[in-house]
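Working through the structure, step by step
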Amino acid sequence: MSSAIYYSQNAFRVDKFKTYGRQVAGNDFLQAYCKSNECSQFWVYAKTTKEAEDFKNFVQSNGINKDIKFINFKNTAGLKEPGLLFFPGPDIGELSRNRSFFTTDSWSICGVTHTTSSSRVMKSIESIVTSPLTPWDALICTSKSVKSNVLKIIEITENNLRHKIGAKSFIRPELPVIPLGIDTSKFNFSDHDKTNARIKLGIQNDEIVVLYLGRLSFHAKANPFPMYKALENTKHQTKRKIVLIECGWYENNQLKDAFSKSAKYLCPSIRLLRVDGNDHEIKNNSLAAADIFCSLSDNIQETFGITPIEAMASGLPCVVSDWNGYKDTIRDGIDGFRIPSLMPAEGYGNDLAFRYALEIDNYDMYIGHTSNLISIDINRTTSAFTQLVNSQKLRNKMGDTAKQRCKDEYDWNNIINKYTNLWNNLHQIRKGSTDKFSYYKSADRLDPFLSFSKYSTNKLTDNKIISIRSQANNNFEQKLKELKELFMINYASYVIPDEKFLIRFLDDISKNRKTIEEIKNSYQELNYAYLIRAIIWLYKFD
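Procedures and definitions
Residues numbered from 1 in each chain as written. Predicted model: local features only at pLDDT ≥ 70, side-chain atom pairs only at ≥ 80, totals over all residues. Heavy atoms only, no water. Core = buried A, V, L, I, M, F, W, Y, C linked by side-chain atoms within 4.5 Å. Buried < 20%, exposed > 50% of the residue type's maximum accessible area, 1.4 Å probe, protein only. Helix = DSSP H or I, 4+ residues; strand = E, 2+ residues; numbered from the N terminus. Contact = heavy atoms within 4.5 Å. Pairing = 2+ DSSP bridges. Axes fitted to C-alpha atoms, helices over the stretch in contact; angles between N-to-C directions. Expected span 1.5 Å × (residues − 1). Arc of directions from axis to C-beta. Polar contact = N/O pair within 3.5 Å; in protein donor to acceptor, adjacent residues only side chain to side chain. Salt bridge = Lys/Arg side-chain N within 4 Å of Asp/Glu carboxyl O.

**Description of the nonpolar core**
Residues L211, I245, F293, I306 and I309 are the most contacted members of the largest nonpolar core, which totals 36 residues. If you list the elements that add at least two residues to this core, you get α2 (21-36), β7 (207-213), β8 (241-248), β9 (271-276), α10 (280-289), α11 (306-313), β11 (318-321) and α16 (392-409). The element contributing the most residues to this core is α11, with five residues. Among the nonpolar cores identified, the runner-up in size contains 31 residues, and I5, F42, I178 and L426 belong to it.

Structure follows, in structure tokens:
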């Protein structure tokens with residue numbers, strides 16, 4: 001079915017110097033969307049013409065030449081035509097409040113989760129309960145684990161309202177689990193590619209290469225302690241030469257220095273290569289040169305994990321933590337090994353939430369403190385590495401099954417079909433519904449003349465009589481021109497009435513006094529709100 005993309009460069013363009021997973025996922029999604037969309041035209045919903053043009057360039061750079069319709073924020077009602085708006089984030093509650101200026105069945109809204117641990121995102125999920133979201137809206141959860149997190153926030157919010165106001169029923173959007181995807185064809189490395197990659201990186205034939213791929217951040221992605229320690233143990237147990245490639249980037253030199261010092265202390269027997277993960281060629285060479293992939297995520301910021309499926313597509317056996325989205329992607333003992341993780345039971349982290357809520361800790365410290373209380377089994381990691389280092393047969397077997405699984409489950413061609421099926425289902429629910437949820441008013445963005453209705457002395461009502469002041473329309477055109485030159489008036493150009501209408505209106509009432517009701521009947525082609533506002537504008541600046 002047709003759909004509009006809420007386009008923002010920050011969501012779909014990959015930063016060349018700081019590669020973030022959500023941008024990689026957004027970029028790959030949009031490429032797949034463009035290539036698979038069978039509609040004769042695309043719709044883009046964006047705040048600025050510049051961003052709409054960037055969307056157009058993106059589409060054309062992928063060899064797609066279709067008509068692109070730009071819906072700007074001023075013309076939000078235009079979303080009725082495509083019938084669905086896809087937003088590259090979880091804040092669908094805010095978008096539903098914007099939609100409430102129209103009827104709620106005007107279009108569907110579909111968002112997707114990425115990181116859900118920040119206060120801003122958790123508040124946006126909390127707002128799902130009180131926003132005018134409907135059964136024909138959806139928030140795609142990229143893993144079963146993140147869905148459980150989303151449901152906890154929603155359920156606790158609903159329970160709060162049950163206790164406070166006796167609420168009994170709640171309307172939720174759809175919460176399907178649809179993973180992120182990749183273009184698996186980009187990771188088909190030949191034997192020649194692998195040999196050349198090892199030569200370029202200076203890898204010897206008798207060296208086993210373990211690859212970590214992604215942002216290098218011990219507090220926000222994965223603490224390397226268990227990986228370093230397990231590799232050192234494996235080196236001593238197997239007596240094999242092991243090279244660790246850390247292909248990624250650091251937020252700052254302090255983090256870079258911390259990784260370097262920790263590695264020297266924890267795995268001095270491991271040859272370490274640190275390469276720039278922002279460089280596409282270097283990233284591909286690292287994947288092609290590797291024998292084993294490792295990512296021991298221990299962070300609540302992680303929700304899915306793109307790099308393990310890139311490794312799977314490259315035919316690498318994966319050693320990953322049994323954590324969040326990795327639980328869905330890597331089958332333990334088949335595509336690699338999932339290493340058990342351990343965390344405190346609920347009730348033992350209220351102080352961490354408190355410190356974050358009161359801004360004693362910033363977001364980085366909140367997730368860092370939490371991460372330090374999540375443990376990955378080092379002995380099991382050592383065992384996994386040892387088995388894979390000692391057996392090329394096992395590496396090949398797990399790598400082959402991982403590659404096939406990735407092609408079957410995580411190629412964007414398959415994932416986009418799941419999006420399309422979801423959107424078609426939302427369309428059917430919307431078209432079949434008789435409830436427009438028209439009761440809803442967003443209390444933080446009411447008509448100001450409703451919110452502040454008690455502020456004024458009087459209101460312009462239908463029985464008010466309008467007449468022209470003596471000589472008020474003499475040289476009115478000149479007077480209007482002079483008024484419009486005053487910045488204190490022209491700054492609000494949006495509410496200045498049309499000049500031709502004002503001249504016609506003044507001429508009309510100069511002949512006869514009229515009530516507002518009579519004026520309405522005379523100008524039925526005009527919006528009533530426009531008419532009333534024009535009269536008050538004249539009264540203000542006469």
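**Concerning the environment of N10**
With respect to the element layout, N10 can be found in helix α1 (residues 9-12). Residue class for N10 comes out partly exposed when judged on its relative accessible area of 45%. Between the C-alpha atoms of N10 and E482, which are 472 residues apart in sequence, the distance is 43 Å. Non-local contacts of N10, meaning those with residues more than four positions away in its chain, are made with R22 and Q23.

**Digging into the sheet that holds strand β2 (residues 41-46)**
The strands that make up a sheet pair up through hydrogen bonds in the backbone, lying either parallel or antiparallel. The six strands are arranged β3-β2-β1-β4-β5-β6 in an open sheet whose pairing can be described as parallel. Two strands lie at the open edges of the sheet, namely β3 (67-72) and β6 (138-140), each paired on one side alone. For this sheet the average axis-to-axis angle between neighbouring strands, irrespective of direction, equals 25°. Sheet topology places strand β4 (residues 84-86) next to strand β5 (residues 108-112); three bridges connect them, and they run parallel. Considered in β5, the bridge of L85 is made with I109.

**Remarks on helix α21 (residues 499-511)**
Under the 1.5 Å per step criterion, the end-to-end length of α21 is 19 Å for 13 residues, consistent within 8% with the ideal 18 Å. For α21, the set of buried residues is F501, L502, F505, L506 and I509. Along the axis of α21, the buried positions cluster into a sector of 125°, meaning they face one direction only. In this structure, α21 carries K500 and K511 as exposed residues pointing more than 90 degrees from its buried face. Residues of α21 that are buried make contact with β15 (465-466), α19 (476-484), α22 (516-522) and α23 (528-541). You can read the cap of α21 off the contacts: a side-chain oxygen lies 3.2 Å from the backbone nitrogen of K500, and it is on D498.

**Comments concerning the pattern of salt bridges**
Under the defined criterion, the tally for this structure stands at 28 salt bridges. Of the charged contacts, one joins R405 and D335 as a salt bridge, the two residues approaching to 3.7 Å between their closest N and O atoms. Within this pair, whereas R405 is found in helix α16, its partner D335 is found in the loop between α12 (326-329) and β12 (336-339), the two being separated by 70 residues in sequence. Take R405 and D335: they sit in the same class, and that class is buried. Overlapping salt bridges bring together E94, R97, D444 and R445 as one network.

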